[in-house]
There are 2 protein chains.
Amino acid sequence: MSKIWFTQSVSADGYSAGPDQSEKEPLGVGGESLHDWMVGLKAWREAHGEEGGEVNASTPVVEELETGSGAVVMGRNMFGPIRGGWDRDWRGWWGEDPPYHGPVFVLTHHPRDPVPMEGGTTFTFVTDGIESALKQARAAAGDRDVAIAGGAATVNQYLAAGLIDELRLHVAPVVLGAGERLFEGVSGRTLEQVAVRPARRVTHVTYQLGEVTAPAV
Amino acid sequence: MSKIWFTQSVSADGYSAGPDQSEKEPLGVGGESLHDWMVGLKAWREAHGEEGGEVNASTPVVEELETGSGAVVMGRNMFGPIRGGWDRDWRGWWGEDPPYHGPVFVLTHHPRDPVPMEGGTTFTFVTDGIESALKQARAAAGDRDVAIAGGAATVNQYLAAGLIDELRLHVAPVVLGAGERLFEGVSGRTLEQVAVRPARRVTHVTYQLGEVTAPAV
């Protein structure tokens, strides 16, 4: 059966972005360091139209990020900045050929027509909530998995609603101290640790979601 | 050269204890689950005078906990409850033969004479701050390492003061949602990931402390 998984880099203290996110620093102060493990990899560079790069224990993780799902859901912040509404020229952070190569559903309060990109990516804007976005993503994915790509605020809503099957965390060796925190507002969950993959400058940990063990505090 | 290391079990969301710590639940609501990986191990049971138990990839971690340091520093909460002063009959949570087998320095505002226990453990109470406790522990340890045993509030003070060389975290597959959080008040640190050991119901991650990369936020 197809799964709903969340994948994201987080700091050792649990932040998926640092404080003071801005157009200049979309991942907040210090947040870029969460991706240090990834940006030098051949698999990453190829997906972004660049040559060269390293192959290491993180390579299959990046390949899975890029081809492992049939549809993606992301929060508005992850797609781009709003200034009282969408700037119609804004087409995401990733250039004309984003690394998704399939349907991407963007959660937002601001309606916008779908934005088709090169390489098969289409950004579709969903204004009626997380369950609707997931339903559309499931339909688009068919029998493939759905990836919730972040940010933390988005996945925390899905987690609190019990809609995530699996967490694929890439724990970076950095302490951000503030920012957007994974698991905020989520409590009393046991997880099942199903895979741990140590790699250069990162620990990849996969958890499956277990039952709710205690009421939210 | 001897090192100062911190060792503790933490939840996937970074808590070393759950909310509402009490004498009945010293690790707070849900906090006991942080030690699920450990309590069934032969190495743990032997250190607590019990027979039987499992041997797995966590066994060397528990052995290192018990014999890897020449002296231990802990916060008051970790030693026991205060009710307007020490209850002179309180001799820790661990029975007459605690698993430390050496000098333990307890940070507290309430003076108390040292408490010698069976098996070589002596609890010494330090009322003049974290640096004094560390200095006494270093002197007692000689050329061996000093372990900061927790809780999070204690190690966070040492981290903020730049006095820790190494973090040995045992990340348990549970989300506590509230409680005492590691790295609270610490920010802008890069860590060096020096060892990752997956084991049953836990991921052991060792970080060395790097330079301060950003001001505290």
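None of the values given here were measured: they were computed from a predicted structure. (Residues numbered from 1 in each chain as written. Chains lettered and ligands numbered in written order. Predicted model: local features only at pLDDT ≥ 70, side-chain atom pairs only at ≥ 80, totals over all residues.)

*Asks:* Describe the overall build of chain A, naming the residues involved and giving the relevant values.
*Replies:* Helices and strands together make up the secondary structure of chain A, namely 6 helices and 12 strands. With the C-alpha coordinates aligned to their principal axes, the bounding extent of chain A is approximately 45 × 45 × 40 Å. Expressed as a percentage of the 217 residues in chain A, the buried residues total 47%. Restricting the contact set of chain A to residue pairs at least 6 apart, pairs at least 24 apart contribute 65%. (Helix = DSSP H or I, 4+ residues; strand = E, 2+ residues; numbered from the N terminus. Buried ≥ 20, exposed ≤ 12 C-beta atoms within 10 Å, placed from the backbone. Contact = placed C-beta atoms within 7 Å.)

*Asks:* Tell me what's going on with the interface of chain B and chain A, and back it up with residues and numbers.
*Replies:* As a measure of interface size, the accessible area lost when the parts come together is often cited. Of the residues lining the interface, 31 residues belong to chain B; the matching set on chain A comes to 31 residues. Going through the elements one at a time, β9 (174–175), β11 (189–199) and β12 (202–212) of chain B are the ones with two or more residues in the side of chain B that touches chain A. No other element matches the 7 residues that β11 of chain B contributes to the side of chain B that touches chain A. Split into classes, the residues belonging to the side of chain B that touches chain A amount to 18 nonpolar, 9 polar and 4 charged. Looking at chain direction, strand β9 (residues 174–175) of chain A and β11 of chain B are connected through 2 bridges and run antiparallel. Counted as the bridge partner of Val 175 of chain A is Arg 189 of chain B from β11 of chain B. (Nonpolar A, V, L, I, M, F, W, Y, C, P; charged D, E, K, R; others polar. Pairing = 2+ DSSP bridges.)

*Asks:* Give a detailed account of the relation of the copies chain B and chain A, specifying residues and quantitative values.
*Replies:* Of the transformation placing chain B onto chain A, the axial shift is 0.0 Å and the rotation is 180 degrees, giving an RMSD of 0.0 Å. The transformation relating the two chain copies, once decomposed into turn and shift, fits a two-fold axis. Identified as the residue of chain B closest to the rotation axis by C-alpha distance is Gly 14 of chain B, at 3.4 Å. When the interface residues of chain B are mapped onto chain A, 97% of them are again interface residues, pointing to one common binding face. (Least-squares fit on C-alpha atoms with pLDDT ≥ 70 in both.)

*Asks:* I'd love a proper account of the environment of Ala 172 of chain A, names of residues and values included.
*Replies:* Residues and elements named next belong to chain A. Within the secondary structure, Ala 172 is located in strand β8 (residues 166–172). A tally of 25 C-beta atoms within 10 Å means that Ala 172 is categorised as buried. Taking the C-alpha atoms as reference points, Ala 172 and Glu 50, 122 residues apart in sequence, are found 23 Å from one another.

*Asks:* Outline helix α3 (residues 59–67) of chain A, supporting the account with residue identities and numerical values.
*Replies:* Among all positions in α3 of chain A, only Val 61, Val 62 and Leu 65 of chain A are buried. For α3 of chain A, the buried positions fall inside an angular range of 95 degrees around the axis, keeping them on one side. (Arc of directions from axis to C-beta.)

*Asks:* Mind laying out the confidence of the model for chain A, listing which residues take part and the relevant values?
*Replies:* On average, residues of chain A score 92 in pLDDT, and 97% of them are at 70 or above. Quick note on the complex model: pTM equals 0.91, ipTM equals 0.89. (pLDDT = per-residue confidence, 0-100.)

*Asks:* Which residues make up the nonpolar core, and what are the values?
*Replies:* Ranked by size, the top nonpolar core spans 120 residues in total, and within it Val 73, Val 106 and Ile 148 of chain A together with Val 73, Val 106 and Ile 148 of chain B carry the most contacts. Ignoring sequence-local partners within four residues, the contact set of Val 73 of chain B consists of Phe 105, Leu 107, Ala 133, Leu 134, Ala 137, Val 146, Ile 148 and Ala 149 of chain B. (Core = buried A, V, L, I, M, F, W, Y, C linked by C-beta atoms within 7 Å.)

*Asks:* Quick one: what's the story with the pairing of strand β4 (residues 103–107) of chain B, residue by residue and with numbers?
*Replies:* All names here are of chain B. Most of β4 sits inside the fold, with 5 of its 5 residues counted as buried. The alternating pattern of β4 places Pro 103, Phe 105 and Leu 107 and Val 104 and Val 106 on opposite faces, both of which are buried. Note that strand β3 (residues 71–74) and β4 share 3 bridges and pair parallel. Looking across to β4, one finds that Met 74 is bridged to Val 106. Examined bridge by bridge, β4 and strand β6 (residues 122–126) share 5 bridges and lie parallel to one another. Along β6, the bridge assignment pairs Leu 107 with Val 126.

*Asks:* Before we move on, could you go through helix α5 (residues 130–141) of chain A and cite the residues and values that matter?
*Replies:* All names here are of chain A. Helix length check: α5 (12 residues) gives 16 Å between terminal C-alpha atoms against 16 Å at 1.5 Å per residue, within 8%. When we look at burial in α5, the residues that qualify are Ile 130, Ala 133, Leu 134 and Ala 137. Axial view of α5: buried residues confined to an arc of 95 degrees, hence all on one face. Here the buried face of α5 lies against β1 (4–11), β3 (71–74), β4 (103–107), β6 (122–126), β7 (146–148) and α6 (152–160). (Expected span 1.5 Å × (residues − 1).)

*Asks:* Go over the environment of Ala 160 of chain A with me, naming the residues and quoting the values.
*Replies:* Along the chain, Ala 160 of chain A falls in helix α6. Between the C-alpha atom of Ala 160 of chain A and that of Val 146 of chain A, which follows or precedes it by 14 residues, the distance is 18 Å.

*Asks:* I'd love a proper account of unusual backbone geometry, names of residues and values included.
*Replies:* Residue and element names in this part refer to chain A. Omega for the bond connecting Gly 150 with Gly 151 falls within 30 degrees of zero, at -5 degrees, which places this linkage in the cis form. Along the chain, Gly 151 falls in the loop between β7 and α6. Phi is positive for Arg 201, which is not a glycine, with a value near 60 degrees. Locating Arg 201 in the fold gives a position in the loop between β11 (189–199) and β12 (202–212).

*Asks:* Could you give an account of the environment of Leu 27 of chain B, with specific residues and numbers?
*Replies:* Residues and elements named next belong to chain B. The residue Leu 27 is located in the loop between β2 (15–17) and α1 (36–39) in this model. Of the residues examined, Leu 27 has 23 C-beta atoms within 10 Å and is grouped as buried. Put simply, Leu 27 and Gly 150 are 123 residues apart on the chain and 12 Å apart in space, counted from C-alpha to C-alpha. With residues near it in sequence (within four places) discarded, Leu 27 still touches Ala 17, Gly 18, Gln 21, Glu 32 and Leu 34.

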